[in-house]
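Chain by chain, the residues run as shown.
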Amino acid sequence: MLENPTIRIENVVATATIGEELNLTTITLALEGAEYEPEQFPGIVYRLKDPKTATLIFRSGKVVCTGAKSKAAVEKAINIVVDNLADAGFEVIKDPEVTVQNMVATADLEAKLNLTTIALSLGMENVEYEPEQFPGLVYRIDEPKVVALLFASGKVVCTGAKKKEDIVLAVKRIQTELSNAGLL
């Protein structure tokens, strides 16, 4: 069993409040590259190259940032958006509180997995495995509250975590449970 499989954060989704009652049409004209098609989506899509993110800006003053690989990158992206809006003359909240809503990460257990045997071993109350529908086993972990997708290749995708430590704990828990059952 791998002591510490490499865990890669693939996406961090976070929210913040940057103001009240924003005029999205005016913001779209002021921010170069901002996309706003209200008949398609009720917010502005504003992409940054560094860090590579997309921030959704809503009339309510709430923003959702996605695509970052860390909480620090999300905070940097949101602060760039705030600075760009402030530079364009909009009244916004400087250094808004950023709340991580979801992290998606991958890990590799570096072993082939027999998903049918694992589904039976882990118990059906926390597991969904329908290979005709989806090639991965869905494992809902209560503590930490994370959903893990296990694949026969040994790859694992974790989602639902709010911090990296939860992902590390979830992967360690999966490793321990599979090792204890002789499946890893």
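For the structure, check the block above.
In short, a report on the structure.

About the thresholds
- Residues numbered from 1 in each chain as written.
- Predicted model: local features only at pLDDT ≥ 70, side-chain atom pairs only at ≥ 80, totals over all residues.
- Heavy atoms only, no water.
- Salt bridge = Lys/Arg side-chain N within 4 Å of Asp/Glu carboxyl O.
- Helix = DSSP H or I, 4+ residues; strand = E, 2+ residues; numbered from the N terminus.
- Contact = heavy atoms within 4.5 Å.
- Pairing = 2+ DSSP bridges.
- Axes fitted to C-alpha atoms, helices over the stretch in contact; angles between N-to-C directions.
- Buried < 20%, exposed > 50% of the residue type's maximum accessible area, 1.4 Å probe, protein only.
- Arc of directions from axis to C-beta.
- Polar contact = N/O pair within 3.5 Å; in protein donor to acceptor, adjacent residues only side chain to side chain.

**Re the pattern of salt bridges**
Then comes step 1: Throughout the structure, instances matching the rule amount to 10 salt bridges.
Then comes step 2: Linking Glu10 and Arg8 is a salt bridge whose minimum nitrogen-to-oxygen distance equals 3.3 Å.

**A short note on the environment of Ser121**
Then comes step 1: Tracing the chain through its elements places Ser121 in helix H3 (residues 115–122).
Then comes step 2: Remark: the alpha-carbon pair of Ser121 and Ala34, spanning 87 residues in sequence, is separated by 50 Å.
Then comes step 3: Setting aside chain neighbours within four positions, we find Ser121 in contact with Ala181 and Leu183.

**With respect to the sheet that holds strand S6 (residues 127–128)**
The strands making up a sheet associate through hydrogen bonds between their backbones, and the pairing can be parallel or antiparallel.
Then comes step 1: Here we have nine strands laid out as an open sheet, ordered S2-S3-S4-S1-S5-S9-S8-S7-S6, and antiparallel in their pairing. Across the chains shown, the open sheet's two edge strands, defined by having one partner strand only, are strand S2 (44–49) and S6.
Then comes step 2: Two strands pair when backbone bridges link them, and S2 and strand S3 (residues 52–57) are joined in this way by six bridges, in the antiparallel orientation. Following the sheet pairing, Val45 is matched in S3 by Leu56.
Then comes step 3: Packed on one face of the sheet, helix H2 (residues 71–87) meets strand S1 (7–17), S2, S3, strand S4 (62–68) and strand S5 (99–108) and runs near 130° to S4.

**A few points about H3**
Then comes step 1: Every buried residue of H3 is listed here: Leu115, Ile118, Ala119 and Leu122. Seen from one end, H3 has its buried residues packed into an arc of 105°, which puts them on one side.
Then comes step 2: Buried residues in H3 make contact with S6, strand S7 (137–141), strand S8 (146–150) and helix H4 (164–180).
Then comes step 3: One side-chain oxygen of the residue at the start of H3 lies 3.2 Å from the amide nitrogen of Thr116, identifying that residue as Asn114.
Then comes step 4: Count one or two residues on from H3 and you reach Gly123, which has phi positive near 90°.

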